[in-house]
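If you want the building blocks of each chain, they are given just below.
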Amino acid sequence: TIDKFNNLEYATYSKEASKPCTASFNSSLYTLTGGNMFAKSICEGYLLKRRKWPLKGWHKRYFVLETGILRYSKTQQDITRGKLHGSLDVGLAVMSINKKSNRIDLDAGDVLYHMKVCPRVPKRSESKHTWTHTCSVRSLLLMLNVNFFIFLSLSVHASLKSVHDALAQERQRLQDTYHQSTTLAEVRVYAFMETGLVYEMCVFICVRVLFLTDCLLGCLSRGVLLFYRASISKTPNSVVPKNTGRRTTLAAHCPDNAQVGLMQILYNNIGKDLSRVSMPAALNEPINLMQRLCEELEYSELLDTANNTQDPYQRMVYVGAFAISGYATAHYRNRYKPFNPLLGETYECLREDKGFRYISEQVCHHPPISACHADSDNFSFWQDQRWKNKFWGKSLEIMPTGMVNVTLPRFGDHYEWNKVVTCIHNVLSQQRYLEHYGEVIIRNLNGNACTCKITFVKSRYWGSDTNKNEVQGTVVDQTGSVIHRFGGLWHEGIFCDTLPTPQCIWKPNSQPKDYYLYYGFSSFTLELNELTPGLKPLLPPTDSRLRPDQRMLEEGRVDDCDKFKEEVEDMQRERRKQLAKKGQEYIPRFFKKAMDSSGRDVWLTNGTYWKVRENPGFANTHNLELW
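As recorded by an unreviewed UniProt entry, the chain carries the name Oxysterol-binding protein and is attributed to Oncorhynchus tshawytscha. Regarding the chain, the relevant UniProt record gives this comment under Sequence similarities (unreviewed entry): "Belongs to the OSBP family."

Rendered as structure tokens:
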């Protein structure tokens, strides 16, 4: 197979040598020694790499592709000295090709490379019409794929060889046992062994044991889930307070987006970060990502309960239930996406009935980062989230990378946890459904008494609908012993059977009437974008409630929303250009950049928002003009 790629070369231009420098990929890179294939050389050379934001254009960098790892630096000498500018695992990256611009994009989630071949300067004796590039993007793409495939196959071969050696040793052991015995039964065993039947029977029995064990564990898991669901169903629904004075519907029903050319939009952006792709207004819902973060506080009473619970293990159970509750509203929200906030856009939510106040700001645009902070008498809550969206043909993955933080002042606890992957299946059809999968690890940074592990179980292809959205959680002590178990479905409720009194510790509120006509919003979400006459004078002009295109969509003016949305995005691009010309970066107004105990960059509140709101008031201060 390697012979097909012989003499594939790509040419780059070297200022030092004033002539093209070539790097080739052919069968001489690998040799066979004792039946095994070993790497003999590497692929290397100069390529053009796109500059990192906010700079524009391309610069020449020296790339080295070895054992599936792509590294680059400014020159070959820097590579030799170990002075790297970056590296990327090709096997974990999504590769896309743009033939029109002769470019290859490698996206590994948190690292994104845009590369293209340096144009070779033709010699004087060459005609401009007859000279062509030695390299094509296809050649470079083949090198990236084949290089990784060969080393991956070597790893698989090594694993299979170790299995083969283990079976050969077992066969030899049985032969030795025969030579030391003379009983008729052992002779029969040896006869079977010589024909290979004993070996096949052993393998068959092992496979059957593993299969039956897996089935037994699956039955036990389903039995526990059925018990949890039955217990949750017996728990009365949470009572939503009536006559709160807040709205219960929107001004208009959600638009029908079945005719929107979503397939063409996604097809043109396969493997790309969709947060940078402008979508038609009909695909949006009239709230943005900062308001989505506020939705995670809908069941903040779980944190109130945790702050009043003496036992540290039980406190962890309630914190775990709160971490799960933030995903509940997504069950009804698979048809529309939230607005992307503008850089500098803010949002506040003051809920006296729940006892907390919340502030959020869009602190970065590339990559998009939304920072938020909420506090009450019983807890403080903050996070800064950045999302990576990947379209895989039939599904869309949303991968948050930030950490969630909660402190409980009564006990001095500081809990921190990650978020799981959200996947929308059948994204191109009207039978879309959503699921979360992955593991959440909750740690108390101010104490090591216990840790919580929550698993969002990925649905099986042949599984029934009753087993979808399963979640399992355990609280373990320092020795790893399980203290508490809880589980259920993240859209139905969570039951804990290890508390002194087994009980349902969380159950979502019932959906409002005709929720399907209003984007699948819960009662809490319906109130997020409400703008009352008494609230408007207190808000800064950058608040999301005052964003015109989002308000137009809420009122059913989809065409007007599309037009204004383009104007708002053009204004944002112009502001970025002006900052780039001045060599400046945007400085958030209400959040500051810091570093957490693990060395990660985080965005924390600077504590000025509520002070400015009270005195002198946002109407008496200088504010950004976002729209």
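Continuing now.
*Asks:* How would you summarise the overall build of the chain if you had to cite specific residues and measurements?
*Replies:* Across its full length, the chain holds twelve helices and 29 strands. Residue burial in the chain is summarised as follows: out of 627 residues, 45% are buried. Relative to all contacts within the chain whose residues are 6 or more apart in sequence, the contacts with residues 24 or more apart total 55%. Carbon and sulfur atoms form 54% of the exposed surface of the chain, whose accessible area is close to 33,600 Å².

*Asks:* Provide a residue-level description of unusual backbone geometry, including the pertinent values.
*Replies:* Going from H366 to P367, the amide bond is cis rather than trans, its omega being -5 degrees. Topologically, P367 is positioned in the loop between β15 (356-365) and β16 (368-376). Backbone torsion omega between N615 and P616 reads 15 degrees, so that peptide bond is classified as cis. Even without glycine at this site, N469 takes up a positive phi of about 65 degrees. Within the secondary structure, N469 is located in the loop between β23 (450-456) and β24 (470-477). When its relative accessible area of 8% is taken as the criterion, N469 is described as buried. Of note in this structure, Y519 is not a glycine but carries a positive phi near 65 degrees. Here Y519 lies in the loop between β27 (503-506) and α9 (523-526). Given the relative accessible area of 1%, Y519 is considered buried.

*Asks:* So what's going on with the sheet that holds strand β10 (residues 103-107)? Which residues, and what values?
*Replies:* Pairing within the open sheet is antiparallel, and its seven strands lie in the order β8-β7-β6-β5-β11-β10-β9. Of all strands in the sheet, those with a lone pairing partner are β8 (86-89) and β9 (94-98), marking the two edges. If you compare each strand with its neighbour and ignore which way they point, the axes differ by 35 degrees on average. Taken together, the five bridges between β9 and β10 define a ladder with antiparallel strand orientation. Bridge pairing in β10 places V94 opposite D107.

*Asks:* Quick one: what's the story with helix α8 (residues 312-325), residue by residue and with numbers?
*Replies:* Relative to the 20 Å expected for 14 residues at 1.5 Å per residue, α8 spans 20 Å between its end C-alpha atoms, a close match to the ideal helical length. With twelve of 14 residues buried, α8 lies mostly within the body of the structure. Buried within α8 are the following residues: Q314, R315, M316, V317, Y318, V319, G320, A321, F322, A323, I324 and S325. Looking at where α8 begins, the residue whose side-chain oxygen comes 2.9 Å from the main-chain nitrogen of Y313 is D311.

*Asks:* Lay out empty space enclosed by the protein in plain terms, naming residues and giving numbers.
*Replies:* This structure, assessed with the given rule, holds three cavities of 30 Å³ or more. There is about 960 Å³ of room inside the largest cavity. As for the largest cavity, its lining consists of 41 residues, and the residues nearest its centre are L289, R292, P338, I398 and T422. At the level of secondary structure, the elements contributing two or more residues to the lining of the largest cavity comprise α5 (262-267), α6 (289-295), α8, β13 (337-339), β17 (380-391), β18 (395-400), β21 (421-425) and β22 (433-444). Sort the elements by how many residues they give to the lining of the largest cavity and α6 lands first, with four residues.

Procedures and definitions
- Residues numbered from 1 in each chain as written.
- Predicted model: local features only at pLDDT ≥ 70, side-chain atom pairs only at ≥ 80, totals over all residues.
- Heavy atoms only, no water.
- UniProt positions renumbered as here; feature names shortened; annotations may be inferred.
- Helix = DSSP H or I, 4+ residues; strand = E, 2+ residues; numbered from the N terminus.
- Buried < 20%, exposed > 50% of the residue type's maximum accessible area, 1.4 Å probe, protein only.
- Contact = heavy atoms within 4.5 Å.
- Areas by Shrake-Rupley, 256 points an atom, 1.4 Å probe, with all protein chains shown as cover.
- Pairing = 2+ DSSP bridges.
- Axes fitted to C-alpha atoms, helices over the stretch in contact; angles between N-to-C directions.
- Expected span 1.5 Å × (residues − 1).
- Polar contact = N/O pair within 3.5 Å; in protein donor to acceptor, adjacent residues only side chain to side chain.
- 1 Å grid on protein atoms, 1.4 Å probe; cavity = no way out; pocket = protein on both sides within 12 Å on 5 of 7 lines; lining within 4 Å.
- Points joined across faces, edges and corners; volume = space filled by probe spheres on them.

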